[in-house]
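Examining the three-dimensional arrangement
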Amino acid sequence: MIPLFKKYPGLQENLPYTSLCDLPTPLFKLARLGKQVGHNDFYIKQDGLTSKRYGGNKIRKLEFLLGEAIKNEYKRVVTYGFTGSNHATATAVHADFLGMQSISMLAAQENADYVRTNLLISKTANAEIHLYKTRKNRDFWNRMLLLGTRLLPGKSPYVIPSGGSSPLGITGFVNAAFELKTQMDAGLIPEPDAIYVAMGSAGTAVGLLIGIQLLGLKTKIIPVRVIETSFTSEERIRSAYEDTILFLHEIDPAIPLLNYNRDDFPVNDQYLGKGYAKFTAEGMAAITLLKETEGILLDGTYTGKAMAALLDDIKAGKMNGKVALFWNTLNAYDFQDQIKNMDYKTLPNKLHRYFETEVQKVTD
Ligand SMILES: *Cc1c(COP(=O)(O)O)cnc(C)c1O
């Protein structure tokens, strides 16, 4: 049983859930990296390994979201993201595994190798993919949502918001904090002083914060912004928090109605660079360092930027004497063998340009 349900049996009775993850994910010390940067208490939570079918942070949310889709006997799910969306790919793969068809409504983004990879993986999972021009705000998702439901006459699909960050999806990361506590109790890590995590739709960081508060831990969550405020605003973060806590409290009153306090969610917005999915020099340096010292792969859109923030805070002495935990949200499994012989021309025409134009360089 997942630790959140152990603590709150009322949630287990009333929340939809289908097991998709290999939990707990590994948590270990980054000894070589720690030595290199002169910080002893440097740990990683490897959510890259949530699932061999396709890992990363989104699978924790999908256990609840796709759980609800199954419970209500949906045959199709629709979700939203940018072209290389890890979330859309994760949804496609896991929906397919559960016998559901998925529809990905995608918005144009900067090109990169992982965009190609994710599109082809989605194709192997029989996803129906649509691409649209991006408008730089959240209204855009709402418009796509309308388009998505109109594309599907007859029975409506199960709708998963961008990033899977509805209260139900966010519950996956409330549980992740409880999972961390079981690993603390097992002696894998002392209580962390800070958890650094990339922040896109914010569900991951908000869920961790709620879990940490329910547990009464003193750990600080440091969300590192990787997307513009026009998509994930302060107001959006606050409502993600308040809606989730209300949702959980209504289901199990043993969960207190916690209040959102901005100081508990100190977003670091110094590492976004020129924008979402635009790689930065600091991010690239962090990727190289992790690869060389620990053999762990990070990416230029999310995890490289978050790691760059943590490394700089260590360098500046802000973490002296403190236990730092990096929450790795990036899928760690390699699917090159499955996609290497695929022809991108089997994808919708509008997507071909991602295979025909240059990609951003990832230094290695
Ligand atoms: C989606 C994603 C995130 C951000 O998670 P949110 O819950 O949307 O904030 C971080 N890292 C990776 C690799 C992701 O795919």
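One structure accompanies this document, and this report is about it. (Residues numbered from 1 in each chain as written. Predicted model: local features only at pLDDT ≥ 70, side-chain atom pairs only at ≥ 80, totals over all residues. Heavy atoms only, no water.)

Concerning the site of the ligand
Note the following rule: Nearness here has a simple test: a residue counts as near a molecule or strand if at least one of its heavy atoms is within 4 Å of that partner. Side-chain atoms alone can form a polar contact between residues adjacent in sequence; in general such a contact is a pair of N or O atoms within 3.5 Å, and within protein one must be able to donate a hydrogen while the other accepts it. A 1.4 Å probe and the Shrake-Rupley method give the accessible areas. Residues count as covered only by the protein chains that appear here. Strands are runs of DSSP state E lasting at least 2 residues, helices are runs of H or I lasting at least 4, and numbering of each runs from the N terminus. In this classification, Asp, Glu, Lys and Arg are treated as charged, Ala, Val, Leu, Ile, Met, Phe, Trp, Tyr, Cys and Pro as nonpolar, and every other residue, Gly included, as polar.
Not every one of the 15 residues close to the ligand is listed here, only the nearest: Lys58, Lys61, Ser201, Thr204 and Thr329. Between the ligand and Ser201, the relevant distance is 2.5 Å, taken from an oxygen atom to a side-chain nitrogen or oxygen of the residue. Between the ligand and Gly203 there is a distance of 3.4 Å, counted from an oxygen atom to a backbone nitrogen or oxygen. Across the complex, the protein chains shield 98% of the 380 Å² of accessible surface that the ligand would expose by itself. Broken down by secondary-structure element, the contributors of at least two residues to the shell around the ligand are α4 (58-71), β7 (194-199) and α9 (203-215). For the shell around the ligand, the residue count by class is five nonpolar, eight polar and two charged.

Comments concerning the pattern of salt bridges
Test applied: Counted as salt bridges are all cases of a side-chain nitrogen of Lys or Arg within 4 Å of a carboxyl oxygen of Asp or Glu. Throughout, exposure labels follow a simple rule: accessible area from a 1.4 Å probe, protein chains only, divided by the maximum for the residue type, with under 20% read as buried, over 50% as exposed, and the rest as partly exposed.
Under the definition given, this model contains 12 salt bridges. Of the charged contacts, one joins Lys45 and Glu179 as a salt bridge, the two residues approaching to 2.6 Å between their closest N and O atoms. Placement of the pair is Lys45 in strand β2 (residues 42-46) and Glu179 in helix α8 (residues 167-185), with a sequence separation of 134 residues. Each member of the pair, Lys45 together with Glu179, is buried. Here Lys181 and Asp185 are joined by a salt bridge, their closest N and O atoms 3.0 Å apart. Here Asp185 and Lys181 lie together in helix α8, a separation of four residues that amounts to about one turn. Salt bridges sharing partners connect three or more residues here, namely Lys45, Asp47, Arg60 and Glu179.

The quantities given are spatial measurements derived from coordinates; they are silent on function.
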